[in-house]
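Inside the fold
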Number of protein chains: 2
Amino acid sequence: MGKQSPYDLDELRISIDRLDNVICAVLAERFSLTEKVGLYKASHGLPPIDTAREERQFAKIATLANQYGLDPVFAQKVLRLIIDDVVVRHQAIQARSSQK
Amino acid sequence: MGKQSPYDLDELRISIDRLDNVICAVLAERFSLTEKVGLYKASHGLPPIDTAREERQFAKIATLANQYGLDPVFAQKVLRLIIDDVVVRHQAIQARSSQK
């Protein structure tokens, strides 16, 4: 390659930082939606974990990842991190709800 | 709470799935940019890991997360997952580059 890289490191990093901004915004929005799912589940006596839905989500995110040229295993790791956090939150909502 | 939840589970899940679509798209774009960073680093003899940049990124994502009402510890976990993957890719690019 030599020194003739066509890329400007600072410019690339500015774009990466902007995408991290988007990732934070989208994750915040996603958690606000799953908060509502948690309230729904608590009010309908549904369990915090829905294994069938989870399985569909993991299959779906792998398909999506492939469509975007993203490593599907990596996408599933991110989803695992998200869902684990969501389940803890749903359990907390349910615990608060059952104390009322 | 009772059964009067104002939320529709199916609607919420459709929105969540749409956000997962966005997350995959943004992550794919982010990896395409870090791929270029990897090529830049390899061509300029820079190491795959840049601890100073990483520290700034972790501080920045915590600030961003707080702005969006996202748990900053969670945001940092996602960033950790991303950066670990990026470093492995940069090491691979560098290994390929040094064989030329």
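Presented here is a report on the structure given in the accompanying data block. (Residues numbered from 1 in each chain as written. Chains lettered and ligands numbered in written order. Predicted model: local features only at pLDDT ≥ 70, side-chain atom pairs only at ≥ 80, totals over all residues. Heavy atoms only, no water.)

Considering the overall build of chain A
Basically, it comes down to this: Each helix corresponds to a stretch of at least 4 residues labelled H or I by DSSP, and each strand to a stretch of at least 2 residues labelled E; elements are numbered beginning at the N terminus. We compute the radius of gyration over the C-alpha atoms and compare it with the globule rule, which gives 2.2 Å times the number of residues raised to the power 0.38. For every residue, the accessible area (1.4 Å probe, protein chains only) is compared with the maximum for its type, and the residue is labelled buried under 20%, exposed over 50%, or partly exposed between those bounds. Note on definitions: a residue-residue contact is assigned when non-hydrogen atoms from the two residues lie within 4.5 Å. For the accessible areas, the method is Shrake-Rupley and the probe is 1.4 Å, while residue cover comes only from the protein chains on display. Think of it this way: Lys and Arg go in the positive column, Asp and Glu in the negative one, and His and the chain ends go nowhere. Charge positions come from single atoms, namely NZ of Lys, CZ of Arg, CG of Asp or CD of Glu.
Of the regular secondary structure elements, chain A holds 3 helices and 0 strands. Mapped in sequence order, the helices and strands of chain A form the string α-α-α. In terms of C-alpha radius of gyration, chain A reaches 19 Å, well past the compact-globule figure of 13 Å for 100 residues. Oriented by its inertia axes, the alpha-carbon framework of chain A measures out at about 65 × 25 × 15 Å. The buried share among the 100 residues of chain A stands at 45%. In chain A, of all internal contacts separated by at least 6 residues, the share reaching a separation of at least 24 is 65%. Carbon and sulfur atoms form 54% of the exposed surface of chain A, whose accessible area is close to 5300 Å². Computed over 14 positive and 13 negative side-chain charges, the inter-centroid distance for chain A is 6 Å.

Here we look at the relation of the copies chain A and chain B
Our working definition: Each copy is superposed on the other by least squares, with the fit set by C-alpha atoms of residues at a pLDDT of at least 70 in both.
When chain A is fitted onto chain B, the two copies agree to an RMSD of 0.0 Å after a turn of 180 degrees and an axial shift of 0.0 Å. The two molecules are tied by a two-fold rotation axis, judged by turn and shift. The share of interface residues of chain A whose copies in chain B are also at the interface is 98%, consistent with both copies meeting through the same surface.

Examining the interface of chain A and chain B
Threshold: Criterion for a salt bridge: a side-chain nitrogen of Lys or Arg within 4 Å of a carboxyl oxygen of Asp or Glu. Each polar contact in these results corresponds to two N or O atoms within 3.5 Å; when the atoms are within protein, one needs to be able to donate a hydrogen and the other to accept it, and residues that are neighboring in sequence are counted only if both atoms are side-chain atoms. Any residue outside Ala, Val, Leu, Ile, Met, Phe, Trp, Tyr, Cys, Pro, Asp, Glu, Lys and Arg is labelled polar, Gly included; the first ten of those are nonpolar and the last four are charged.
Each partner contributes residues to the interface: chain A has 54 residues there, and chain B has 53 residues. In this structure, the connection of chain A to chain B is made through 8 salt bridges. Note that Arg53(A) and Asp17(B) form a salt bridge whose closest N and O atoms lie 3.2 Å from each other. Taken together, the links from chain A to chain B amount to 10 residue pairs in polar contact (both at pLDDT 80 or more). Where the side of chain A that touches chain B is concerned, the elements lending two or more residues are helix H1 (9-43), helix H2 (51-68) and helix H3 (72-99) of chain A. Sort the elements by how many residues they give to the side of chain A that touches chain B and H1(A) lands first, with 27 residues. Of the residues contributing to the side of chain A that touches chain B, the split by class is 30 nonpolar, 8 polar and 16 charged.

Overview of the pattern of salt bridges
Enumeration over the complete set of coordinates arrives at 14 salt bridges over all chains. Ionic pairing is found between Asp50(A) and Arg13(B), a salt bridge with its closest N-O pair at 3.2 Å. Of the two residues, Asp50(A) sits in the loop between H1 and H2 while Arg13(B) sits in helix H1 (residues 9-43), which places them in two different chains. Arg80(B) is the salt-bridge partner of Glu54(B), the closest N and O atoms lying 3.4 Å from each other. Note that Glu54(B) is positioned in helix H2 (residues 51-68) and Arg80(B) in helix H3 (residues 72-99), a separation of 26 residues in sequence. Its relative accessible area of 31% is what places Arg80(B) among the partly exposed residues.

Points about the environment of Glu55(A)
Residue and element names in this part refer to chain A. Secondary-structure assignment places Glu-55 in helix H2. Given the relative accessible area of 57%, Glu-55 is considered exposed. In this structure, the C-alpha to C-alpha distance between Glu-55 and Leu-27, residues 28 residues apart in sequence, is 20 Å.

Overview of the packing of aromatic side chains
As a reminder, the rule being used: Side-chain rings of Phe, Tyr and Trp (the six-membered ring for Trp) are treated as a pair once their centres are within 6.5 Å; stacked means planes under 30 degrees apart, edge-to-face means over 60, and tilted covers the remaining angles. A ring is considered to have a charge above it if a Lys NZ or an Arg CZ atom is located within 6 Å of its centre and within 35 degrees of its normal.
Under the definition given, this model contains 2 aromatic pairs over all chains. Ring centres of Phe31(A) and Phe74(B) lie 5.0 Å apart, and the angle between their planes is 85 degrees; this geometry places the pair in the edge-to-face category. With Phe31(A) in helix H1 and Phe74(B) in helix H3, the pair connects residues from two separate chains. What makes Phe31(A) buried here is its relative accessible area of 7%. Judged by its relative accessible area of 1%, Phe74(B) is buried. Taking the ring centre of Phe31(A) as reference, the NZ or CZ of Arg89(A) above it sits at 4.5 Å.

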